[in-house]
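A structural walkthrough
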Amino acid sequence: MTLDSIKHPRLRAWIDENVDMCMPDDVYVCDGGQEEADRLAERLLRSHSFFRLENRPGSFLVLSDPGDVARVENNTFICSRFREEAGPTNNWADPQQMKAELRQRFFGSMRGRTMYVIPYSMGPVGGPLSHIGIELTDSIYVVLNMRIMTRVGQAVLDALGRDSPFVRCLHSVGFPLIAGRYEPAWPCDANNKYIVHFPEEHAIWSYGSGYGGNALLGKKCFALRIASAMARDQGWFAEHMLILGITSPEGEKKYLAAAFPSACGKTNLAMLIPTLPGWKVETVGDDIAWMRWGDDGQLYAINPEAGFFGVAPGTSRQSNPNAMDAIRENTIFTNVARTPDGDVWWEGIGYDPPEGLIDWRGEPYNPALGKPAAHPNARFTAPASQCPVIDPAWEQPQGVPISAILFGGRRAGTVPLVHEAFDWVHGVFMGSIVSSETTAAAAGDVGKLRRDPFAMLPFCGYNMADYFHHWLRMGERTGVKHPKFFYVNWFRKDANGKFLWPGFGENSRVLKWIFERSGRPAGDVSQATETPIGFVPAPGALDVAGLKVSPAAMQELLAVRRDEWLADLPGIKAFYGSFDEFPRKLKQQLETIEQRLRTSE
Ligand code: O2Y
Ligand code: MN
């Protein structure tokens, strides 16, 4: 489509302003259709940026620059007016200074290229919980991924009309094609990445990277960082949470939202196949939830995304058969290995690498070198509609009613398999102390404890102390039905360092307890034992029929150890202490829990 399709004067003026700055050779407005996608994919095939995967219809492989393989937290900025508004957990920069610096980067950055205008909706187009973004980008890879991850096209421009607000997303790979310059397979400016958010003006400027969360600006940048600030101002929640529906053998259905730090198996949980007979889990979303109180007082959630941008390594028929089926076709793979028969391979796919494998760097794979064939952060981008267990209500514009909110992290000790909060404020406290031990794939040393409240540390677009205030305030609304809060830990280990819990489909046993508890009134103690940190399943309350976990291991999984928890508190206190104006209610929760621990048997 041409620029004539833009009927929104402010949008048109913003595009014109950025055309003047970035100087593309051409401007093209995306319609999001199949014909457009085929045409653009063909261009990437011709320039050897894409490989067609003969074994997977409509699917492609792309290999990124080795310097551009993941989100870059150090180069991610929140440019609010004042430093305090970004808080101690964000990189802050002065908005005017940052814009001056960025203007130099963006000046002429699209020369020799086309500027693609992507009108996209986060959430069903026109839905009451949905919001619109416009991304200007010079990357075809971004256009093709955004088409899967969001809803793109004329319907979005129609919903925008002539005057509706939109989030302004400007992106350039920072590699202008000036006369005679060689076009690499993955253009980027790897040494000069900037992922910059202006929460007050709902704007994102991303320069230098073409990868994932840095470049698909609907995802982490809009749906979490900008949306969290919008949600605070407008009275809703933008959260790093999966959403799933769970149905009992009797046919009762509930929806849960769950926040886990990266690398804790969120996609696997969202698509879990229960081992418990008669139970069913269906997926609404695997990464982000936008939630607000409905007129009936229930909390309603939508998945603002339309696709999955999942980690490939470790995904297998054993760990996540539904994801494996979802990526059979129409999928873009990034930084996985390629087989000679036009398929993909990665570590943990569940079978040995075939002969003649080409690794993510485009080299023949040599296992003797000890380097992985796929990059540990290799990804698949697949339409959510292709997931065999996609929930029938996943595109319901008003969202699905949430009965329980789960938090989780990867902890070898201390944290029991599951515990339940006493009330809303305690639930917010639970969210505020989410922490996880780092894995090899994550940044930092292996096994190091990283505090990640609500799994939002890298994604909250404002001061996290205000974020906790927002959660507390939202719970004080009158006439609302609070969902229950739970904290799960699938990763507790025994004294020999062996996982105590089998995980995967067996997690349905924990979900069953949560399902049952979330229907009970506050203070109800059936099926539960009260401990200083919350309710844990009473002996025998967790359905372990047919499960090969010894009673001693079960006891260990559910144990709440005074000394372990007391040892955790100084870290929490230090974290709380790093904020000015931290909510007193959460400090009080900490004191109460400490007191309960000190006076418990
Ligand atoms: O490395 C990236 O660019 C992607 S990070 C990501 C992608 C999908 C879902 N979650 C995450 C995350 O880091 O939480
Ligand atoms: Mn995520």
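Presented here is an overview of the structure given in this document. (Residues numbered from 1 in each chain as written. Chains lettered and ligands numbered in written order. Predicted model: local features only at pLDDT ≥ 70, side-chain atom pairs only at ≥ 80, totals over all residues. Heavy atoms only, no water.)

**Brief notes about the packing of aromatic side chains**
Just so we agree on the cut-off: A pair of aromatic rings is counted whenever rings of Phe, Tyr or Trp (Trp by its six-membered ring) have centres within 6.5 Å, and the orientation is called stacked for planes under 30 degrees apart, edge-to-face for over 60 and tilted otherwise. Secondary structure elements follow DSSP: runs of H or I no shorter than four residues count as helices, runs of E no shorter than two count as strands, and numbering proceeds from the N terminus. Exposure categories follow from relative accessible area, calculated using a 1.4 Å probe and restricted to protein chains: below 20% of the type maximum is buried, above 50% is exposed, and the middle band is partly exposed. Whether a charge sits over a ring comes down to the Lys NZ or Arg CZ being within 6 Å of the ring centre and within 35 degrees of the ring normal.
Scanning all chains against the criterion turns up 35 aromatic pairs. Ring centres of Phe468 and Phe582 lie 5.5 Å apart, and the angle between their planes is 65°; this geometry places the pair in the edge-to-face category. With Phe468 in helix α12 (residues 464–475) and Phe582 in the loop between α15 (562–577) and α16 (584–599), this pair connects stretches of sequence that are 114 residues apart. What makes Phe468 buried here is its relative accessible area of 0%. Relative to Phe499, the ring of Phe491 lies with its centre 6.2 Å away and its plane at 65°, an arrangement referred to as edge-to-face. Phe491 sits in the buried class, given a relative accessible area of 13%. Residue placement shows Arg410 over the ring face of Phe491; its charged tip is 4.1 Å from the ring centre. Stacked on the ring of Phe535, the Lys or Arg Arg517 has its end atom at 5.2 Å from the ring centre.

**Focus: helix α13 (residues 507–517)**
Structural remark: α-helix, 3.6 residues per turn; residues separated by three or four positions point the same way. Among the 11 residues in α13, 10 count as buried, and that is most of the element. Here α13 has its buried residues at Asn507, Ser508, Arg509, Val510, Leu511, Lys512, Trp513, Ile514, Phe515 and Arg517.

**Details of unusual backbone geometry**
The residue Phe504 is not glycine, and still its phi comes out positive at about 45°. Its location among the elements puts Phe504 in the loop between β26 (484–488) and α13. The residue Glu581 is not glycine, and still its phi comes out positive at about 55°. In this fold, Glu581 is placed in the loop between α15 and α16. We classify Glu581 as exposed; its relative accessible area is 71%.

**Thoughts on the site of ligand 1**
Rules: One heavy atom within 4 Å of a molecule or strand makes the whole residue count as near it. Counted as a polar contact is a pair of N or O atoms within 3.5 Å, where, for protein atoms, one must be capable of donating a hydrogen and the other of accepting one, and residues adjacent in sequence contribute only when both atoms are in side chains. In this description, accessible areas are obtained by the Shrake-Rupley approach with a 1.4 Å probe, and a residue is regarded as covered only by the protein chains that are shown. Each residue receives one of three labels: charged for Asp, Glu, Lys and Arg, nonpolar for Ala, Val, Leu, Ile, Met, Phe, Trp, Tyr, Cys and Pro, and polar for the others, Gly being one of them.
Near ligand 1 lie 14 residues; those nearest to it are Arg71, Gly213, Lys220, Ser262 and Asn377. Here an oxygen atom of ligand 1 and a side-chain polar atom of Arg71 are 2.9 Å apart. Between ligand 1 and His240 there is a distance of 3.2 Å, counted from an oxygen atom to a side-chain nitrogen or oxygen. Coverage of ligand 1 by the protein chains reaches 92% of its 350 Å² of free accessible surface. Those elements that place two or more of their residues in the shell around ligand 1 are α7 (212–215) and α8 (218–234). Residues of the shell around ligand 1, tallied by class, amount to 4 nonpolar, 5 polar and 5 charged.

**What to know about α16**
So the rule is basically this: In this scheme, a helix's expected span is set at 1.5 Å multiplied by one less than its residue total. Think of the arc as the fan of directions from the helix axis to the C-beta atoms. In what follows, residue pairs with any heavy atoms lying within 4.5 Å of each other are defined as contacts.
Counted at 1.5 Å a residue, the expected span for α16 with its 16 residues is 22 Å, and the 22 Å between its end C-alpha atoms agrees. All of the buried residues in α16 are Leu586, Gln589, Leu590, Ile593, Glu594 and Leu597. Down the axis of α16, the smallest arc covering the buried residues is 130°, so these residues share one side. In α16, the exposed positions angled more than 90 degrees off the buried face are occupied by Arg584, Glu591, Gln595, Arg598 and Thr599. Buried residues along α16 sit against α11 (424–432), α12 and α15.

**Quick notes on the pairing of strand β12 (residues 241–247)**
Filter applied, for reference: For two strands to pair, DSSP has to find at least two bridges joining them.
With 7 of its 7 residues buried, β12 lies for the most part within the structure. Residues Met241, Ile243, Gly245 and Thr247 point to one face of β12 and Leu242, Leu244 and Ile246 to the other, with burial holding for every one of them. Following β12, the chain reverses through 5 residues before pairing antiparallel with strand β13 (residues 253–259); Gly251 in that reversal takes a positive phi of roughly 90°.

**A word on the pairing of strand β5 (residues 114–122)**
A regular strand places its side chains so that they alternate between the two faces of the sheet. In terms of residue burial, β5 counts as a mostly covered element, since 9 of its 9 residues are buried. Summarising the sheet, strand β1 (residues 26–29) and β5 pair through 4 bridges and their orientation is parallel. Bridge assignment links Tyr28 to a residue of β5, and that residue is Tyr116. Sheet topology note: the β5/strand β6 (residues 131–137) ladder contains 7 bridges and is antiparallel. Paired with Val117 across the bridge in β6 is Leu136. With 2 bridges joining them, β5 and strand β7 (residues 151–152) adopt antiparallel strand pairing. Among the inter-strand pairings, Ser121 is bridged to a residue of β7, identified as Arg151.

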